[in-house]
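Spelled out from the first residue to the last, the chains are:
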Amino acid sequence: MKEISLHILDIAQNSISANSRNIEIHIIEVDKDNLLEVTIMDDGKGIAPELLHKISDPFITTRITRRVGLGISMYKAGIELCNGSFCITSEVGKGTCVIAKYPLLHIDRPPLGNISETILTLVVCNPDINFKYYHKVNKNYFLFDTKEIKKK
Amino acid sequence: MKSLKELEEIRLKTLESLNLRKDRKGNRIVVGMATCGIAAGARPVLLGFMTEIKKRNIQDTIVSQTGCIGVCRLEPMVEVYKPGEEKVTYVKVTPEMVGRIVAEHVVNNQPVVEYTIGYSEKRNK
């Protein structure tokens, strides 16, 4: 995928399928550490340890229509292609957390892309899920929390 | 950065169209949003439909997303459901095609044949 924000949209779809009530997307950019960190966490049904172990295998999927699930595999491959690191943790009944760390300046790092389109699509298509989007660039941050909006 | 007041105004304006999620009677535009769809460019298509519907102030129509429809090579795919009619499946949809689909099919009940899966399959035999 051409932009990291498209991967974020894709991984968040997994969170939605896992019956999450709250999904958080944190993007942190730190120039002096050459770091772009993208975290997607949810409170969905979680992934069992046996499955979590092999989750980045493209032939491992919970889909029943076919035996291939490319979302996590492609995300991880793209991250590793530019020397980044990918980490997924999960607890059944509690939720899942996917953390990607990219070297900000690496020539093969895809652009973050249109993150606002991704957030907009997620929020509008899933009115019953709370989304929290936190984006920090060095010392400045932006926070968008649908809970704040729904309070009104 | 929008204030809460401005967001509230936007919310009230779109409340009527979003309320239709519960209403089965209206038109439904479903955009495939699985990995295949997203990689092929479904995000701007979905937003394109939302913008077009809002621009034309079309009532009784909701835009929603679905998972993998099954024919990944034809993504982005869009299914249009109109009450009482068979669903129409559009394939390889781009944001530029959205206008015609809304104007001719959603508003004027004339599916855009050359964008449909039937036409595409026949042409690429």
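Relevant structure appears above.
The following refers to the structure shown. These figures come from a predicted structure and were not determined experimentally. All residue numbers refer to position in the chain's written sequence, counted from 1. As they are written, the chains are lettered A onward and the ligands numbered 1 onward, keeping that order. Selection of residues for local features in this predicted model requires a pLDDT of at least 70, selection of side-chain atom pairs for listing and counting requires 80 or more, and totals for whole chains, interfaces and linings are taken over all residues. Processing note: side-chain calculations cover all non-hydrogen atoms of the structure and skip hydrogens and water entirely.

## Quick look at the overall build of chain A
A run of DSSP states H or I qualifies as a helix once it reaches four residues; a run of E qualifies as a strand once it reaches two. Both are numbered from the N-terminal end. If you tally the helices and strands in chain A, you get five helices and six strands. N-terminal to C-terminal, the α/β element order of chain A is α-β-β-α-α-β-β-α-β-β-α. The quantity called the radius of gyration is restricted to C-alpha atoms. Its globule counterpart is 2.2 Å times the number of residues to the power 0.38. For 152 residues, the compact-globule formula gives about 15 Å, and the C-alpha radius of gyration of chain A, at 15 Å, lands near that figure. Across its three principal axes, chain A shows a C-alpha extent of roughly 45 × 40 × 25 Å. Relative accessibility thresholds used throughout: buried, under 20% of the residue-type maximum; exposed, over 50%; partly exposed, between the two (1.4 Å probe, protein chains only). Looking at the 152 residues of chain A, the share that counts as buried comes to 43%. In this description, contact between two residues means that some pair of their heavy atoms is separated by no more than 4.5 Å. Long-range contacts, defined as pairs at least 24 residues apart, comprise 57% of the intrachain contacts of chain A with a sequence gap of at least 6. The accessible surface values rely on the Shrake-Rupley method and a 1.4 Å probe; as for residues, cover is taken only from the protein chains in view. When the accessible area of chain A is evaluated, it comes to approximately 8300 Å², of which 56% is carbon and sulfur surface. For chain A, the centre of its 19 positive side-chain charges and the centre of its 18 negative side-chain charges are spaced 3 Å apart. Counted charges follow a simple rule, with Lys and Arg positive, Asp and Glu negative, and His plus the chain ends left uncounted. By convention, the charge on Lys lies at NZ, on Arg at CZ, on Asp at CG and on Glu at CD.

## Some points on unusual backbone geometry
Following Glu75 of chain B, the chain continues into Pro76 of chain B via a peptide bond in cis, with omega recorded as -5°. By secondary structure assignment, the location of Pro76 of chain B is in the loop between β2 (61–66) and β3 (78–81). Within the chain, Asn19 of chain A stands out as a residue other than glycine whose phi angle is a positive 60°. By the secondary structure assignment, Asn19 of chain A is in the loop between α1 (4–17) and β1 (22–30).

## What to know about the packing of helix α4 (residues 115–125) of chain A against helix α3 (residues 42–55) of chain B
Axes here refer to lines fitted to C-alpha atoms; in helices the fit is confined to the stretch in contact. Angles between the N-to-C directions go from 0 to 180 degrees. Between α4 of chain A and α3 of chain B, the shortest axis-to-axis distance is 10 Å and the interhelical angle comes to 60°. With respect to each other, α4 of chain A and α3 of chain B are oriented oblique. α3 of chain B is crossed by α4 of chain A, and the crossing has left-handed handedness. Across the interface between the two elements, Glu117, Thr118, Leu120, Thr121, Val124 and Cys125 of chain A from α4 of chain A touch Arg43, Pro44, Leu46, Leu47 and Met50 of chain B from α3 of chain B. Along the lines of polarity and charge, the residues of the contact of α4 of chain A with α3 of chain B split into seven nonpolar, two polar and two charged. Oblique is the label for any angle not covered by the other classes, which are roughly parallel (under 35 degrees), roughly antiparallel (over 145) and roughly perpendicular (65 to 115). The sense of a crossing depends on the near helix, which, turned anticlockwise from the far helix by less than a right angle, makes the crossing left-handed and, turned clockwise, makes it right-handed. For this classification, Asp, Glu, Lys and Arg are treated as charged, while Ala, Val, Leu, Ile, Met, Phe, Trp, Tyr, Cys and Pro are nonpolar and the rest, including Gly, are polar.

## Things to note about helix α4 (residues 95–107) of chain B
In an α-helix, one full turn covers 3.6 residues, which means residues spaced three or four apart are oriented alike. Residues and elements named next belong to chain B. Expected helix span is taken as 1.5 Å per residue step, with the number of steps being one fewer than the number of residues. Along its 13 residues, α4 runs 18 Å from first to last C-alpha, staying within 8% of the 18 Å computed at 1.5 Å per residue. Of all the residues in α4, the buried ones are Met97, Val98, Ile101, Val102, Ala103, His105 and Val106. The inward-facing, buried residues of α4 contact β1 (27–32), α3, β2, β3 and β4 (88–90). In the segment just after α4, Asn109 is the residue with positive phi, at about 60°.

## Here's the deal with the pairing of strand β3 (residues 85–91) of chain A
Side-chain direction in a regular strand flips from residue to residue, so the side chains alternate between the two faces of the sheet. All names here are of chain A. At least two DSSP bridges between two strands are needed for those strands to be called paired. Examined bridge by bridge, β3 and strand β4 (residues 95–103) share seven bridges and lie antiparallel to one another. Paired with Ser85 across the bridge in β4 is Lys101. Here β3 folds back onto β4 in antiparallel fashion, the turn holding three residues, of which Gly93 has a positive phi close to 85°.

## So, the sheet that holds β4 of chain A
Adjacent strands of a sheet form backbone hydrogen bonds with each other and so pair up, either parallel or antiparallel. All names here are of chain A. Reading across the sheet, the six strands line up as β3-β4-β2-β1-β5-β6 and stay open at both edges, with mixed pairing between neighbours. The open sheet has two edge strands with one neighbour each: β3 and β6 (140–145). Neighbouring strand axes in the sheet, compared pairwise and without regard to direction, differ in orientation by 10° on average. One ladder, built from six bridges, connects strand β5 (residues 130–137) with β6; its direction is antiparallel. Bridge pairing in β6 links His135 to Phe142. Strand contacts of α1: β1, β2 (35–42), β4 and β5, with the helix running at about 20° to β2, the strand carrying the most contacts.

Fair warning: the whole summary comes from geometry, so function is off the table for now.
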